Amino acid sequence: MANTPKTNAARLLETAGIDFKLVTYTVDPDNLAADHVASQLGEDINRVFKTLVLKGERCGYFVCVVPGNCEVDLKKAAKAAGDKKADLIAMKDLLPTTGYVRGGCSPIGMKKTFPTFFHSTATDFNKIYVSAGVRGMQIAIEPTALINYIGATITDLTK
């Protein structure tokens, strides 16, 4: 992929010496859902993870990375973050909080470092996909390498 421009997330992984591959796909601005991304990649939806940003009552912002076909369980997410209650942040707050837009939010290289939680199925695969930080590009990566790099916790996050 010599012609593929690197994203900040890709540069960070490269600097850390972590093996990954950038994979592009066709963006449908009317369908930013993970199932569309998975079908564009020709991959199992369970391997394509979406990055969600939440805010706890007391703990503040945190990140949940879950399979594309799953819905985050807000109670489980709050508990993982050490809080009683949490909600997804408003779409208008995503860019100012993370530096990323909807459909291009990566768990790598946000404006600030937030506690990050990966759904327990991430390690069931030898390779998963997460956003590279822009719409139309994913990072294919070995999940344990990514989780260790981010300093994330593995837990059950879905309904």
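All values reported here derive from a predicted model rather than from experimental measurement.

*Asks:* Which parts of the structure should I look at to understand the sheet that holds strand 2 (residues 49-56)?
*Replies:* The strands making up a sheet associate through hydrogen bonds between their backbones, and the pairing can be parallel or antiparallel. Reading across from one edge, 4-2-3-5-8 is the order of the five strands in this open sheet, with mixed pairing throughout. Whereas interior strands pair on both sides, the edge strands pair on one side only; in this sheet they are strand 4 (86-88) and strand 8 (153-155). The mean inter-strand angle of the sheet, taken between neighbouring strand axes irrespective of direction, is 35°. Where strand 3 (residues 60-67) meets strand 5 (residues 116-119), three bridges bridge the pair, whose relative direction is parallel. In the strand pairing of strand 5, C64 is matched with F117.

*Asks:* Explain helix 5 (residues 143-150) here, please?
*Replies:* Three- or four-residue spacings in an α-helix give side chains the same orientation, since the helix completes a turn every 3.6 residues. Taken as a whole, helix 5 has its buried residues at P143, L146, I147 and I150. Relative to the axis of helix 5, the buried residues are bounded by an arc of 95° and lie together on one face. Tucked into the core, helix 5 has its buried residues touching strand 5, strand 6 (128-131), strand 7 (137-141) and strand 8. Sitting at the amino-terminal end of helix 5 is E142, which places a side-chain oxygen 3.1 Å from the backbone nitrogen of T144. Looking one or two residues past helix 5, G151 carries a phi angle of roughly 80°, positive in sign.

*Asks:* So what exactly am I meant to see when it comes to helix 2 (residues 34-41) here?
*Replies:* Burial in helix 2 covers these residues: A34, H36, V37, A38 and L41. Tucked into the core, helix 2 has its buried residues touching strand 1 (20-24), strand 6 and strand 7. Backbone geometry just downstream of helix 2 places G42 in the positive-phi region, at approximately 70°.

*Asks:* Can you walk me through the pattern of salt bridges in this structure?
*Replies:* Between side chains of opposite charge, a pair can form as their charged atoms come close. All told, the structure shown has five salt bridges when counted by the stated rule. K159 is paired through a salt bridge with E71; the nearest N and O atoms lie 3.1 Å apart. Within this pair, whereas K159 is found in the segment after strand 8, its partner E71 is found in the loop between strand 3 and helix 3 (74-80), the two being separated by 88 residues in sequence. In this structure, K159 and E71 share a single accessibility class: exposed.

*Asks:* How do you make sense of the nonpolar core when you look at a structure like this?
*Replies:* A general feature of soluble globular proteins is that nonpolar side chains tend to end up buried together. Counting residues in each nonpolar core, the largest one holds 30 residues, and the members touching the most others are I108, F118, I128, V130, I139, I141 and L146. Put simply, the parts of the chain that give this core at least two residues each are helix 1 (8-15), strand 1, strand 2, strand 3, strand 6, strand 7 and helix 5. When neighbours within four sequence positions are excluded, V130 is seen to be in contact with F49, V65, P107, I108, Q138, I139 and L146. Counting 11 residues, the second largest nonpolar core, distinct from the first, contains L52, L54, A78 and A86.

*Asks:* Can you help me understand the sheet that holds strand 7 in this one?
*Replies:* Ordered by their spatial adjacency, three strands build an open sheet running 1-7-6, and the pairing between neighbours is antiparallel. Among the strands making up the open sheet, the edge pair consists of strand 1 and strand 6. Strand-to-strand twist across the sheet, computed as the mean angle between neighbouring axes with direction ignored, equals 35°. Bridge analysis of strand 6 against strand 7 gives four bridges, and the strand direction is antiparallel.

*Asks:* For this particular structure, what's the right way to read the state of the cysteines?
*Replies:* Each disulfide is one covalent bond, formed between the sulfur atoms of two cysteines. The final tally for this structure, using the stated rule, is zero disulfides. Distance from the sulfur of C59, which forms no disulfide, to the nearest cysteine sulfur (C64) is 9.7 Å. Residue C64 is classed as buried on the basis of its relative accessible area of 0%.

The rules behind the values
- Residues numbered from 1 in each chain as written.
- Predicted model: local features only at pLDDT ≥ 70, side-chain atom pairs only at ≥ 80, totals over all residues.
- Heavy atoms only, no water.
- Pairing = 2+ DSSP bridges.
- Helix = DSSP H or I, 4+ residues; strand = E, 2+ residues; numbered from the N terminus.
- Axes fitted to C-alpha atoms, helices over the stretch in contact; angles between N-to-C directions.
- Buried < 20%, exposed > 50% of the residue type's maximum accessible area, 1.4 Å probe, protein only.
- Arc of directions from axis to C-beta.
- Contact = heavy atoms within 4.5 Å.
- Polar contact = N/O pair within 3.5 Å; in protein donor to acceptor, adjacent residues only side chain to side chain.
- Salt bridge = Lys/Arg side-chain N within 4 Å of Asp/Glu carboxyl O.
- Core = buried A, V, L, I, M, F, W, Y, C linked by side-chain atoms within 4.5 Å.
- Disulfide = S-S within 2.5 Å.

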